[in-house]
Amino acid sequence: MKIRYGFRQVGDVEVFYREAGSSNAPVILLLHGFPTASHMFRNLIPLLADRFRLVAPDLPGFGQTKAPPRGMFDYTFDHLADVIEGFVDALSLDQYVLYIFDYGAPIGLRLAMRHPERISAIISQNGNAYLEGFSDEWGSWETYWREPSAANREACRSSLTPDTIRNWQYGIGADPNLLSPDGYELDIAYMGRAGAEEIQLDLILDYRSNVAFYPAFQSYFREYRPPLLAVWGRHDPAFLPAGAAAYQRDLPDAKIHLLDAGHFALETHAEEVATLIRAFLDSTIGSTLRLERENLPTLSGIKIPSLFILNQGELAQMESMKAAVLTAFGDAEKFEIQTVPIPTLKANQVLVRVCATSINPVDYQTRRGDYKELVQLPAILGVDVSGVIEAIGEAVTDFKVGDNVYYSPQIFGEFGSYAQYHVADAAIVALKPANLSHIEAASFPLAGGTAWDCLVTRGNLQVGETVLIHAGAGGVGSIAVQLAKAIGAYVFATCSSRNRDFVTELGADRVIDYKNEDYVEVIRQETNGLGVDLVLDTIGKETIQRSLEIIRPFGRLTSIVDIAIPQSLLEAWGKNLTIHFVFSPQYRAKLEALTKLIERHQLRPVIDSVFSWDQVVLAHQRLEQGGTRGKIVLKFTED
């Protein structure tokens, strides 16, 4: 196998690239990131060139590619994507597997959106496309995005120093005995060239355009469903593992693998990555590539990495458990404490010993018979879990026995969480926030996930926007107020007079006493008639119709309740509003995003009361009384 080197002219740019493999082989287009160049693939290319044609260009402003200086060339991600698109055309790459890393991700995904027919699969190695993937190390860059002043530009220059490249970009999370200095020393040399730092500072500022593209990238995933492998250095100081897991929100079949590596995983784990790529492409597009498995060469001594051991724990000894079982539809007295079998554990599932769960409105609505057609009696209700993993299925690789986890079971699933044990698909489970007890954590999954979907996933709430949150003291509302403030929005919230101070403490900028103030008039006055950008409706009844009156043109409304009475939506049509009725799906990425905020102390649990799990009747009666402040929790063990 020989690596070939060359240049291709694309407009006024001379693109340097390296390639290997047969010209007739399936193509993998390798897009590097910051602050490196195509030499980052020097260890990977030889491991795959027997079966693939690998093409790795240097981006303009990086490596050996020759591009005009600043002032004569726009160093933006859109323009870099234009150049790479021209490069792909020049090589007549009509179809290819897209490998994206760091800066290569927003460039490559722009190409995928422009030409989805060319993409046979995507491999994302620490290539972020979700807000959940950002660590808390982006402060100076985010400040520069918001206010592109000379001082804020200068503050970003520390990202370009030899020490940062060597010890932060490459060093964090990497085994020093495996980390060759070749890569980072060459990157440092490239950064030392005349004009290089200013080009990089231009790109740092324009990185905000990539964040703005995230919803479009995610829409592309949902529409075109490309096979995707996310292989991630789990110790990356910039892009968190949550960024890898988030792909499964839009691509449920995405394969996620976390490596014991840093940002530049190929520097220490190239053989492991190559093995994962072979297996992934063979299983997803193998027939297209005409791969013959029995003839595949192997990497001697290398196995696909396993992060955690498989351990069935005490599953063989466990046969039954106690549960609060709903025996008939009706009032809270219809629950009975019974001994029932522990559910069967499947290969992709985890068995969790439930330490705490919580009561949600959907629980008492189900109990009284609102969803009879969806629930078969006898039934175990409950859609929040915080607990400890007791056993894992044979296909689970990202958890181990003893892990503290939290999650929301599937609503209207086979069984719920009012029981000593619960079985769940590993894909919806996340590690519990380290700074919360199980009782506290049990208050978050459904309510927090719903708030996230309403404000972030569907509501697309942005820094500086205004939002109205109805019932700001409730289970969803109390988390939504905190989340909206963490995003950087101006928050209006409705509540009763007794909860005014409480909701203010949560972060609401203007609390509206719904019994003594008309929220429509208040918002009209305080926004000078402009209205808010987003409304979160947790009330129902006539709330949607009235809220439409105080939403700005092209604004949004999210609602977690159905329309119980006929309402006119003419106002929405006239102002080009978007309305989302949110039935919150379960997936790990949003819980990991919430965990990040919880551990930063930007979100805190709000608990109205705690009951022993066998007091489920009293807990339901408390919730139905109304006037709760936050969540009602059922505990199974002392926390």
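The structure this text deals with has already been given above.
Scoring rules and cut-offs
- Residues numbered from 1 in each chain as written.
- Predicted model: local features only at pLDDT ≥ 70, side-chain atom pairs only at ≥ 80, totals over all residues.
- Heavy atoms only, no water.
- Pairing = 2+ DSSP bridges.
- Helix = DSSP H or I, 4+ residues; strand = E, 2+ residues; numbered from the N terminus.
- Axes fitted to C-alpha atoms, helices over the stretch in contact; angles between N-to-C directions.
- Contact = heavy atoms within 4.5 Å.
- Buried < 20%, exposed > 50% of the residue type's maximum accessible area, 1.4 Å probe, protein only.
- Arc of directions from axis to C-beta.
- Phe/Tyr/Trp six-rings, centres within 6.5 Å; stacked < 30°, edge-to-face > 60°.
- Lys NZ or Arg CZ within 6 Å of the ring centre and 35° of its normal.
- Left-handed = near helix turned anticlockwise from the far one by under 90°.
- Nonpolar A, V, L, I, M, F, W, Y, C, P; charged D, E, K, R; others polar.

Enquirer: Account for the sheet that holds strand β1 (residues 4-10), with residues named and values stated.
Expert: Reading across the sheet, the eight strands line up as β1-β2-β4-β3-β5-β6-β7-β8 and stay open at both edges, with mixed pairing between neighbours. Edge positions in the open sheet fall to β1 and β8 (255-259), since each of these has one partner strand only. In this sheet, neighbouring strand axes are inclined to one another by 20° on average, regardless of whether the strands run parallel or antiparallel. The pairing of strand β5 (residues 96-100) with strand β6 (residues 119-124) spans five bridges and is parallel. Looking across to β6, one finds that Val-97 is bridged to Ala-121. Sitting on the sheet, helix α2 (residues 77-90) touches β1, β2 (13-20), β3 (27-31), β4 (53-57) and β5, and the angle it makes with β1 is about 115°.

Enquirer: How would you sum up helix α3 (residues 104-114)? Please name residues and give values.
Expert: With respect to burial, α3 is a largely interior element, nine of its 11 residues being buried. Within the span of α3, buried status applies to Gly-104, Ala-105, Pro-106, Ile-107, Gly-108, Leu-109, Arg-110, Leu-111 and Ala-112.

Enquirer: Hey, could you go over helix α4 (residues 139-146) for me, with residue numbers and the actual values?
Expert: Burial in α4 covers these residues: Trp-141, Tyr-144 and Trp-145. Down the axis of α4, the buried set is contained in an arc of 105°. They therefore lie on one face. Along its buried surface, α4 packs onto α5 (150-155) and α8 (196-224).

Enquirer: For the packing of aromatic side chains, give the residues involved together with the corresponding values.
Expert: Inspection of every chain in the model, using the stated rule, returns 35 aromatic pairs. A centroid spacing of 5.7 Å and a plane angle of 55° characterise the contact between Tyr-220 and Phe-221, whose relative ring orientation is tilted. Given the relative accessible area of 4%, Tyr-220 is considered buried. Its relative accessible area of 0% is what places Phe-221 among the buried residues. Over the ring of Phe-7 we find Lys-66; its NZ or CZ atom is 5.2 Å from the centre of that ring. Here Arg-546 stacks its cationic end above the ring of Tyr-519, 5.3 Å away from the centre of that ring.

Enquirer: Can you explain the packing of α2 against α3? Please cite residues and give values.
Expert: Relative to each other, α2 and α3 sit at 65°, their axes nearing to 9 Å. The crossing of α2 and α3 is right-handed. Contact residues: Phe-77, Asp-78, Leu-80, Ala-81, Asp-82, Ile-84 and Glu-85 in α2; Pro-106, Ile-107, Arg-110, Leu-111 and Arg-114 in α3. Of the residues that constitute the contact of α2 with α3, the class distribution is seven nonpolar, no polar and five charged.

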